[in-house]
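Listed here are the chains, written in short residue letters.
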Amino acid sequence: MADRFAVGDIIRMKKPHPCGTYEWEILRVGADFRLKCTGCGHQVMVPRKLVEKNTREIRKKA
């Protein structure tokens, strides 16, 4: 099965980060994802299941 997430992609989540942006950059892919907020630069580790559940849109890197 081809993985739909890749390092460098920008994803749009269902709920906004407290800074107000919905978009996150993927820095690490695996059992957990490391995401970086595109608004304030905050980084978080999130389990794969939550990322897959809460993702609305994926924009592939050029």
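You'll find the structure just up there.
The rules behind each value
Residues numbered from 1 in each chain as written. Predicted model: local features only at pLDDT ≥ 70, side-chain atom pairs only at ≥ 80, totals over all residues. Heavy atoms only, no water. 1 Å grid on protein atoms, 1.4 Å probe; cavity = no way out; pocket = protein on both sides within 12 Å on 5 of 7 lines; lining within 4 Å. Points joined across faces, edges and corners; volume = space filled by probe spheres on them. Pairing = 2+ DSSP bridges. Helix = DSSP H or I, 4+ residues; strand = E, 2+ residues; numbered from the N terminus. Polar contact = N/O pair within 3.5 Å; in protein donor to acceptor, adjacent residues only side chain to side chain. Contact = heavy atoms within 4.5 Å. Axes fitted to C-alpha atoms, helices over the stretch in contact; angles between N-to-C directions.

K.L.:
Outline the layout of surface pockets, supporting the account with residue identities and numerical values.
P.N.:
One number sums up the size of the largest pocket: a volume of about 160 Å³. Lining the largest pocket we find Met13, Lys14, Lys15, Pro16, His17, Trp24, Leu35, Val44, Val46, Leu50 and Asn54.

K.L.:
Tell me about the pairing of strand β4 (residues 43-47), and please be specific about residues and values.
P.N.:
Bridge count for strand β3 (residues 32-37) against β4 is 5 bridges, and the pairing is antiparallel. Considered in β4, the bridge of Arg34 is made with Met45. In textbook terms, the turn of a hairpin is the stretch between consecutive antiparallel strands, and for β3 and β4 this stretch comprises 5 residues, one of which, Gly41, has a positive phi near 85°.

K.L.:
Kindly report on the side chain of Thr21, identifying the contributing residues and their values.
P.N.:
Inspection of the secondary structure assignment puts Thr21 in the loop between β1 (10-13) and β2 (23-28). Separated by 3.4 Å, the side chain of Thr21 and the backbone nitrogen of Glu23 make a polar contact. Filtering out sequence-adjacent residues up to four positions away, Thr21 remains in contact with Pro16, Cys37, Thr38 and Gly39.

K.L.:
Break down the sheet that holds β3 for me, with residues and values.
P.N.:
With antiparallel pairing, the 5 strands of this open sheet are ordered in space as β4-β3-β2-β1-β5. For this open sheet the edge positions go to β4 and β5 (55-59), each flanked by a neighbour on one side alone. Averaged over all pairs of adjacent strands, the angle between strand axes in this sheet comes to 35°, irrespective of strand direction.

Function-wise, these values are silent; they only describe arrangement.
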